Amino acid sequence: MGWLQSVSLLSLFFVCSVVLAQNDWDPTTRRWITTSRIVSKQDSNVPYSYRNLHWPVYKCREYIQDYDCVFHDVSIDRNSPGFYFGYENVTLNNQKRITFKNSTMRKLSETLVSSYRQIEVLNLNGLQIEEIAPYAFTNGYNIEDLYMRSNDIQKLPYNAFSHMKFLRVLVLDRNYVSRLPMGIFLNNPNLVALTINNNNLEEISDNTFQYTKVLQNLELSSNKLTHIDLSRIPSLHYGNVSFNRLTTLAIPVEIKILDASYNQINTVTGPNNYNLTHLHLHHNNLTENFWLMRYPRLIVVDLSYNELEEITYRDFNKMVQLKELYLSHNRLIALNFGTSRIPTLQILDVRHNHLLQVVRNQNQFDTLTQLYLDHNSIVTLKLSSNNTLQKLTLSNNDWDCSSLNVLFGSVRKSIILDSDHNCKPDYQLKQNLCCKVSEKPYLDRLMHHFHETSITEKLQRARGPCSANDTLTSIQSLTDYVNQHGGSRLLPSNPQLQAEINQLQGDVSGLTYEQSQNEQFLKSMHTEIDNYLRRYNVTKDELLRPSENLRKLLVHLKIRQMLKQQATYFYEFQVLSRRQETEAVEQENKALKAKLDAQNRK
């Protein structure tokens, strides 16, 4: 019953919003009145200058929780002759938080902000905006929060935000902006948060944020950036430049959280920073980590998927609160904390490396809660019986069986999260881990390595002139000769073979054309899916396939349809209830009238 009541309340809200969307709010009488969207000369309820034009007039249709003005069903094309927003007397357009529903605005002109000059929060998300007029925000002096996510903006006017002295938050995610004009934020001294994720930015000049002295949040992920000097934004507290093409990262002096993952970074610069706590640099090209000493307050460090070869205690000995260290998928051949340890470290991930000897790290391993060692070449591991481990991975290593026996006496089996399935020859499966029995484990592995290397060298010498490189060279020479003399003229004596070749070439051409048509069709379908996502204001996940985003859209539309059906059912129920109430009142009126007539006759 409670669920039905909740659905009814939700449906009532939806119905009210639909009904209100058909009316107009009159600020002079504080009542809802019915108005026509297209103004004519005979309409006496609108200002004189409006009555002289047959242009659309869009007015606030609804109040919701976060906005005191909601425009419904606005449709403005780039070639629209003209339109109006609100009342001609701008003092009546005193709403401060404006948004849109089920609307499209291909070109953003100055009409909206010129009519509503008290705007503080303006939400233009998902309106398919393609162009911003140079003076669209000239009267936007009071705007503090501006949202233009999920549009088709390709270019920003150089003076787009020059009149917004109080602008604090600017969101331009999911557009097609390729560059920021010089001095675009010259007159925005109060800008605190800027997000331009999922655009086409290639480079941001060093002076772009010269006058934004309080900028704290900057998000530029999923662009094509090859250069941005974050150290020139000393006020920055949070930064995200992931999924770009950066090769150098300059860390600001005050930043606390920085995500620069999925780039091509091989150099990290910047002054000492005693505020940085979270640093994400996975999926880059780092080969050294000495620069970490400049950030002693780090709590989480993610250097996975890089090219690091060695990690020692001296790289972290100045860190006083490091808790999580991720180093998987590197080229580590040495991990040496020695007798020292990082007392605050709880999670250490060194999976998918080339580690062989990790015995010298026992003091550090004993104090961890999570240790991930799988997919290395580790032979032995020592842990004390009073270790604090809660999660441990060991599979895909080169374990010595006697070492595993000792290890299993020090750890609980329940904390081991993985296992081996197929072991190499001369290896055996012991408690779900492959191991080898040998008297001198490290010496045996070294001798085996030398043996394999020697066999490989002998095979290469035995091949002599028939090496792979020579074979490839011969094939290339033959191909060049055939191309030079014409492949078709080499076989004049076999017309049947030539006919088959021609037929195959025709088939290949047909298949190539068909493939191009299918690719073009698929591309158009992807574009159409993106357009529908923007139209219905559904967030697109760039990491998902278009089919998954389409599935999200279908779910959204299904829920929307269900709500509309519920609203319709509720409206019909209300009509039926009121009809029954009317009939009951009519019956009561008849009874009272009969009683009154009887009393009059008496």
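Residues numbered from 1 in each chain as written. Predicted model: local features only at pLDDT ≥ 70, side-chain atom pairs only at ≥ 80, totals over all residues. Heavy atoms only, no water.

1. Quick notes on the sheet that holds strand 28 (residues 399–400)
Next up, step 1: If you walk across this open sheet you meet the 3 strands as 28-30-29, and the pairing is mixed. The open sheet has two edge strands, strand 28 and strand 29 (428–430), and neither has a second partner. (Pairing = 2+ DSSP bridges. Helix = DSSP H or I, 4+ residues; strand = E, 2+ residues; numbered from the N terminus.)

2. Here's the deal with the side chain of Asp-374
Next up, step 1: Inspection of the secondary structure assignment puts Asp-374 in the loop between strand 26 (370–372) and strand 27 (391–393).
Next up, step 2: This buried residue, Asp-374, is left without a salt bridge; Arg-351 holds the nearest opposite charge, at 4.3 Å.
Next up, step 3: Here the side chain of Asp-374 touches Thr-393 through a polar contact of 2.6 Å, side chain to side chain. (Buried < 20%, exposed > 50% of the residue type's maximum accessible area, 1.4 Å probe, protein only. Lys, Arg positive; Asp, Glu negative; His and termini not counted. Salt bridge = Lys/Arg side-chain N within 4 Å of Asp/Glu carboxyl O. Polar contact = N/O pair within 3.5 Å; in protein donor to acceptor, adjacent residues only side chain to side chain.)

3. Quick notes on a nonpolar patch on the surface
Next up, step 1: On the surface, Val-555, Ile-559 and Met-562 cluster together into a nonpolar patch covering about 250 Å² of accessible area.
Next up, step 2: Assignment of secondary structure puts Met-562 in helix 9 (residues 546–601). (Patch = residues over 30% accessible without salt bridge, like charges linked within 9 Å, V, L, I, M, F, W, Y side chains within 5 Å. Areas by Shrake-Rupley, 256 points an atom, 1.4 Å probe, with all protein chains shown as cover.)

4. Looking at the state of the cysteines
Next up, step 1: In total, this model carries 3 disulfides according to the counting rule given.
Next up, step 2: A sulfur-sulfur separation of 2.1 Å characterises the disulfide bridge that pairs Cys-401 with Cys-435. Measuring handedness by torsion sign, the sulfur bridge of Cys-401 and Cys-435 sits at about 90 degrees and is right-handed. You can see Cys-401 sitting in helix 5 (residues 401–408) and its partner Cys-435 sitting in strand 30 (residues 433–436), a full 34 residues away along the chain. You'll find Cys-401 and Cys-435 in the same group, each marked buried. (Disulfide = S-S within 2.5 Å.)

5. Digging into the confidence of the model for the protein chain
Next up, step 1: Counting all residues, the mean pLDDT for the protein chain is 82, and 83% of those residues have values of 70 or more.
Next up, step 2: In this model, residues 1–52 is a region of pLDDT below 50 whose contacts with residues beyond four sequence positions or in other chains number 81 contacts. (pLDDT = per-residue confidence, 0-100. Contact = heavy atoms within 4.5 Å.)

6. Details of the pairing of strand 30
Within a regular strand, the side chains alternate between the two sheet faces.
Next up, step 1: When strand 28 meets strand 30, the two strands line up parallel, connected through 2 bridges. When the bridges of strand 30 are listed, Trp-399 appears paired with Cys-435.
Next up, step 2: As judged from the 3 bridges shared by strand 29 and strand 30, these two strands associate in the antiparallel manner. Across the sheet, Lys-430 pairs through a bridge with Leu-433, a residue of strand 30.
Next up, step 3: Between strand 29 and the antiparallel strand that follows it, strand 30, lie 2 residues; Gln-431 among them carries a positive phi value of about 50 degrees.

7. Quick look at the pattern of salt bridges
Next up, step 1: Inspection of every chain in the model, using the stated rule, returns 11 salt bridges.
Next up, step 2: With a closest N to O distance of 3.2 Å, Arg-78 and Glu-130 form a salt bridge. Taken as a pair, Arg-78 in the loop between strand 5 (75–76) and strand 6 (84–85) and Glu-130 in the loop between strand 10 (121–123) and strand 11 (131–132) lie far apart in primary sequence, 52 residues in all.
Next up, step 3: For Arg-78, a relative accessible area of 41% translates into the label partly exposed.
Next up, step 4: For the salt bridge of Asp-206 with Arg-232, the shortest nitrogen-to-oxygen distance reads 3.6 Å. Placement of the pair is Asp-206 in the loop between strand 14 (193–195) and strand 15 (217–219) and Arg-232 in the loop between strand 15 and strand 16 (238–240), with a sequence separation of 26 residues.
Next up, step 5: Given the relative accessible area of 31%, Asp-206 is considered partly exposed.
Next up, step 6: One network of salt bridges, in which partners are shared, links Arg-78, Arg-106, Glu-130 and Glu-131.

8. Comments concerning the side chain of Asn-330
Next up, step 1: As for its position among the elements, Asn-330 is in the loop between strand 23 (324–326) and strand 24 (334–336).
Next up, step 2: A distance of 3.0 Å separates the side chain of Asn-330 from the backbone nitrogen of Leu-308, its partner in a polar contact.
Next up, step 3: Beyond its immediate chain neighbours, meaning those up to four positions away, Asn-330 contacts Leu-303, Ser-304, Tyr-305, Asn-306, Glu-307, Leu-308, His-352, Asn-353 and His-354.

9. A short note on the packing of aromatic side chains
Next up, step 1: Enumeration according to the criterion identifies 11 aromatic pairs in this entry.
Next up, step 2: On the basis of an interplanar angle of 35 degrees and a centroid distance of 5.6 Å, the ring pair of Tyr-58 and Phe-85 is categorised as tilted. On the criterion of sequence distance, the pair formed by Tyr-58 in strand 3 (residues 57–58) and Phe-85 in strand 6 is long-range, its members being 27 residues apart. Pair check on accessibility: Tyr-58 and Phe-85 agree, each one buried.
Next up, step 3: Three or more aromatic residues link up through ring pairs in this structure, and these residues are Tyr-58, Phe-71, Phe-83, Phe-85, Phe-100 and Tyr-116.
Next up, step 4: Residue placement shows Lys-59 over the ring face of Tyr-87; its charged tip is 4.1 Å from the ring centre. (Phe/Tyr/Trp six-rings, centres within 6.5 Å; stacked < 30°, edge-to-face > 60°. Lys NZ or Arg CZ within 6 Å of the ring centre and 35° of its normal.)

10. Regarding the nonpolar core
Next up, step 1: Within the largest apolar cluster, 108 residues are counted, with the highest numbers of intra-cluster contacts made by Phe-71, Phe-85, Leu-124, Phe-137, Leu-146, Phe-161 and Leu-348.
Next up, step 2: Here this core takes 4 residues from helix 5, the largest share from any one element.
Next up, step 3: Not counting residues within four places of it along the chain, the set of residues in contact with Phe-71 comprises Tyr-58, Lys-59, Cys-60, Phe-85, Ile-98, Thr-99, Phe-100, Lys-101, Ser-103, Leu-112 and Tyr-116. (Core = buried A, V, L, I, M, F, W, Y, C linked by side-chain atoms within 4.5 Å.)

11. Observations regarding the pairing of strand 7 (residues 97–101)
Next up, step 1: Bridge count for strand 4 (residues 69–72) against strand 7 is 4 bridges, and the pairing is parallel. Residue pairing across strands places Phe-71 opposite Phe-100, the latter belonging to strand 7.
Next up, step 2: Relative to strand 10, strand 7 runs parallel, the two being bridged by 2 bridges. By the bridge assignment for strand 10, Ile-98 is matched with Leu-122.

12. Some details on helix 5
Next up, step 1: Looking only at helix 5, the buried set comprises Cys-401, Ser-403, Leu-404, Leu-407 and Phe-408. One face of helix 5 carries all of its buried residues, which in axial projection span an arc of 155 degrees.
Next up, step 2: Buried residues along helix 5 sit against strand 28, strand 29 and strand 30. (Arc of directions from axis to C-beta.)

13. Quick look at helix 9
For an α-helix, the turn length of 3.6 residues means that residues three or four places apart are oriented alike.
Next up, step 1: Over its 56 residues, helix 9 extends 81 Å from the first C-alpha to the last, a length consistent with the 82 Å expected when each residue adds 1.5 Å.
Next up, step 2: The set of residues buried in helix 9 consists of Asn-549, Leu-553, Gln-566, Ala-567, Phe-570 and Ser-577. (Expected span 1.5 Å × (residues − 1).)

14. Examining the environment of Asn-386
Next up, step 1: Within the secondary structure layout, Asn-386 lies in the loop between strand 26 and strand 27.
Next up, step 2: Taking the C-alpha atoms as reference points, Asn-386 and Thr-367, 19 residues apart in sequence, are found 9.1 Å from one another.

15. A closer look at unusual backbone geometry
Next up, step 1: Positive phi is not limited to glycine here, since Asn-198 has a value of about 55 degrees.
Next up, step 2: Secondary-structure assignment places Asn-198 in the loop between strand 14 and strand 15.
Next up, step 3: Although it is not a glycine, His-329 adopts a positive phi angle of roughly 55 degrees.
Next up, step 4: Position of His-329 among the secondary structure elements: in the loop between strand 23 and strand 24.

16. Some words on the environment of Ser-235
Next up, step 1: Considering the arrangement of structural elements, one finds Ser-235 in the loop between strand 15 and strand 16.
Next up, step 2: The spacing of Ser-235 and Glu-254 is 19 residues in sequence and 6.1 Å in space, taken between C-alpha atoms.
Next up, step 3: Excluding its chain neighbours within four sequence positions, the residues that come into contact with Ser-235 are Thr-212, Lys-213, Val-214, Leu-215 and Gln-216.
Next up, step 4: Among the polar contacts made by the side chain of Ser-235, one reaches the main-chain carbonyl oxygen of Leu-215 at a distance of 2.6 Å.

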